[in-house]
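# Commentary on secondary and tertiary structure
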Amino acid sequence: MQSPLKIEPATGLIAGIRQVLSPFYDARPTGVLPELIVVHGISMPPGKFGGPWIDRLFTGNLPADVHPAFNDVAKLRMSAHVVIRRDGEIVQYVPFGQRAWHAGQSHYRGRAGCNDFSVGIELEGTAEVPYTDAQYNQLAALVEVLVATYPSLSLDHIAGHNEIAPGRKTDPWPTFEWERWRSIL
């Protein structure tokens, strides 16, 4: 049985998980706390799971010549707070108290710049392949511990990347079943 997730409030890191710290983050604006959780979808290269490529993307070490799809993203400076792999493994890239660079141009309920006030969670997936039970379970566990650790977060403020960047982003795609995930909470 897996032990419950625990976030160290002083560091913003989840205890006992793999951490691949990204250089692509900075401080949140003074006085701004995380108030929104953004769910994303990612696969590297598109349609493929596993491998080192998400780690390499979020640390600025993605070789552009390995796959044609990497040409466009290899030089981007982007990150997320965590990725939940297909098997449910959580990998952390940015401490939760810091601003990860995951949302890009975005708006949520009239506020622009969602990176300032959000936590970015990537799920390894695609628009064609359903997410796994392990991912839904880990996402539920992670959201519960985030809300318990950071009182500024709420189950009422969770959105897909497509909702905060409509017309620009489509993830986590229709393959993410919001009702299924909410039933686990």
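To be clear, the structure that these remarks concern was listed above.
The following refers to the structure shown. (Residues numbered from 1 in each chain as written. Predicted model: local features only at pLDDT ≥ 70, side-chain atom pairs only at ≥ 80, totals over all residues. Heavy atoms only, no water.)

## Here we look at the pattern of salt bridges
Tallied over the full model, the rule gives ten salt bridges. A salt bridge links R18 to E89; its shortest N-O distance comes to 3.1 Å. In this pair, R18 is assigned in strand 3 (residues 18–19) and E89 in the loop between strand 6 (82–84) and strand 7 (90–92), connecting sequence segments 71 residues apart. Overall, the relative accessible area of 33% leaves R18 in the partly exposed class. A salt bridge links D55 to R85; the nearest nitrogen and oxygen atoms lie 3.7 Å apart. With D55 in helix 1 (residues 53–58) and R85 in the loop between strand 6 and strand 7, this residue pair connects regions lying 30 residues apart in the sequence. (Salt bridge = Lys/Arg side-chain N within 4 Å of Asp/Glu carboxyl O. Helix = DSSP H or I, 4+ residues; strand = E, 2+ residues; numbered from the N terminus. Buried < 20%, exposed > 50% of the residue type's maximum accessible area, 1.4 Å probe, protein only.)

## Side note on the side chain of R86
Checked against the element boundaries, R86 lands in the loop between strand 6 and strand 7. Although R86 is buried, it makes no salt bridge; E124 carries the closest opposite charge, 5.5 Å away. Ignoring sequence-local partners within four residues, the contact set of R86 consists of F49, E124, G125, V129, P130, Y131, T132, A134 and Q135. (Lys, Arg positive; Asp, Glu negative; His and termini not counted. Contact = heavy atoms within 4.5 Å.)

## Concerning helix 3 (residues 133–149)
An ideal rise of 1.5 Å per residue puts 24 Å on 17 residues; helix 3 measures up with 24 Å between its terminal C-alpha atoms. Along helix 3, the residues that are buried comprise Q135, Y136, Q138, L139, A140, L142, V143, V145 and L146. (Expected span 1.5 Å × (residues − 1).)

## Concerning the environment of A15
Looking at the secondary structure, you find A15 in the loop between strand 2 (13–14) and strand 3. Residue A15 is classed as partly exposed on the basis of its relative accessible area, which comes to 37%. The spacing of A15 and E35 is 20 residues in sequence and 22 Å in space, taken between C-alpha atoms. In this structure A15 touches K6 and E8, once residues within four positions along its chain are discounted.

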